[in-house]
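Each chain, letter by letter, is given below.
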Amino acid sequence: MKFQQTILSMSFLLLQLPLLVVEPSSFNDRNITSHTSVINKMRDSSNTSMVGNIIRRGSSISIVGDICSSYWPSSSCNVGFGFYKLCSSQDGPDEFVVGISFFKPRVATLVWSTNRYYSKPSSVLITNEGKFVLRMKPDDKEEPLIPNIQEPVAFAMMHENENFVLYGSESQIVWQSFDYPTHTVLGGQQLRAGFDLVSKGSRLSVEEISGSVEIHAQSSESVRVSIISDALLEGSLRRLIFLSLSTTGDLYLSGSDGVVLKYIYLNKNHQQRQQGGTSIVKEDDYLYMARLSSYGYFMLEYVAR
């Protein structure tokens, strides 16, 4: 496809930043084992605590052996919250991560996780008292899956835009994954200055004082710092700074008012498709994501929805 070839050719120009624009693969740092029947299992799930894609108190997801017994899906079943098996290690037990994945046939792309790995049989549940907890075997010890949730959870929803939301008794948002990106910024999402993307030994931050975007990659001997975007002009710093990714693949710094302060990457391919009338490709045809890899690379990727 011409669109893909154009974007791929730019990766060589941006490699040294190191900002990459490449076709996505499934969570390269720790490849997820994706069962080909995962979407059918999500559709066929008979969790009686779910009505549509509303996840009510008493609902749970769990690991049985090495197979995920259930997921919390979006309405289309293209997105799911649950346990995902990582590639098996020859030197140790299987590991699982709790997170959000975008599903396509035979591929699961992890877009958010708790950044914690589990080897013991476990379950995640919303208790009848409204606690959102991780339950560990064999003694059924419980601990909060998400720290510092201040209100009881009445229900949850996995939304089509890859946002997992916990709601209170008056349908107010108690917590949402969009506010706490871990290793990936999705299209329509923002990373606020003072919060970092973290992936194993690497950390990406938006500096609160300067507005610069930096990657700190930790090795056994030193810390390598890579500058993705230089400091902003002083007049721009009288507001909160966000690293933002649009739903059309533009990566930029913005203020809390949404005003663009600086473009880091402008998706000219989308703009060219818009010129001269109706776009051939709809805005929601692609899922864009900016992901920090454990090797210290910040990769702007896309996958067809």
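Structure: see above.
The model shown is predicted, which means the values in this text are computed figures rather than measured ones.

Turning to the sheet that holds strand S21 (residues 223-229), a few remarks are in order. The four strands are arranged S18-S19-S20-S21 in an open sheet whose pairing can be described as antiparallel. Among the strands making up the open sheet, the edge pair consists of strand S18 (196-199) and S21. On average, each strand axis in the sheet is tilted by 15° relative to the strand beside it, whichever way the strands run. Looking at chain direction, strand S20 (residues 213-218) and S21 are connected through six bridges and run antiparallel. The partner of glutamine 218 across the bridge, within S21, is valine 223.

This part is about unusual backbone geometry. One non-glycine residue, cysteine 77, adopts positive backbone phi at about 65°. Here cysteine 77 shows up in the loop between strand S6 (72-73) and strand S7 (79-85). In this structure cysteine 77 comes out as buried when scored by relative accessible area, which is 7%.

Moving on to the layout of surface pockets. The space that makes up the largest pocket amounts to roughly 330 Å³. If you trace the largest pocket, you find 18 residues lining it, with Trp112, Ile146, Pro147, Trp175 and Tyr180 closest to the centre. Mapped onto the lining of the largest pocket, the elements with two or more residues apiece are strand S9 (107-118) and strand S15 (173-176). For the lining of the largest pocket, the leading source of residues is S9, giving four residues. Its residues placed into classes, the lining of the largest pocket shows ten nonpolar, six polar and two charged. One number sums up the size of the second largest pocket: a volume of about 150 Å³. If you trace the second largest pocket, you find it lined by Phe178, Asp179, Tyr180, Pro181, Gln190, Leu191, Arg192, Phe195 and Phe242. Top element by residues in the lining of the second largest pocket is strand S17 (residues 189-192). It accounts for three residues. Its residues assigned to classes, the lining of the second largest pocket comprises six nonpolar, one polar and two charged.

What counts, and where the lines are drawn
Residues numbered from 1 in each chain as written. Predicted model: local features only at pLDDT ≥ 70, side-chain atom pairs only at ≥ 80, totals over all residues. Heavy atoms only, no water. Pairing = 2+ DSSP bridges. Helix = DSSP H or I, 4+ residues; strand = E, 2+ residues; numbered from the N terminus. Axes fitted to C-alpha atoms, helices over the stretch in contact; angles between N-to-C directions. Buried < 20%, exposed > 50% of the residue type's maximum accessible area, 1.4 Å probe, protein only. 1 Å grid on protein atoms, 1.4 Å probe; cavity = no way out; pocket = protein on both sides within 12 Å on 5 of 7 lines; lining within 4 Å. Points joined across faces, edges and corners; volume = space filled by probe spheres on them. Nonpolar A, V, L, I, M, F, W, Y, C, P; charged D, E, K, R; others polar.

Any link to function would need more than the numbers given here.
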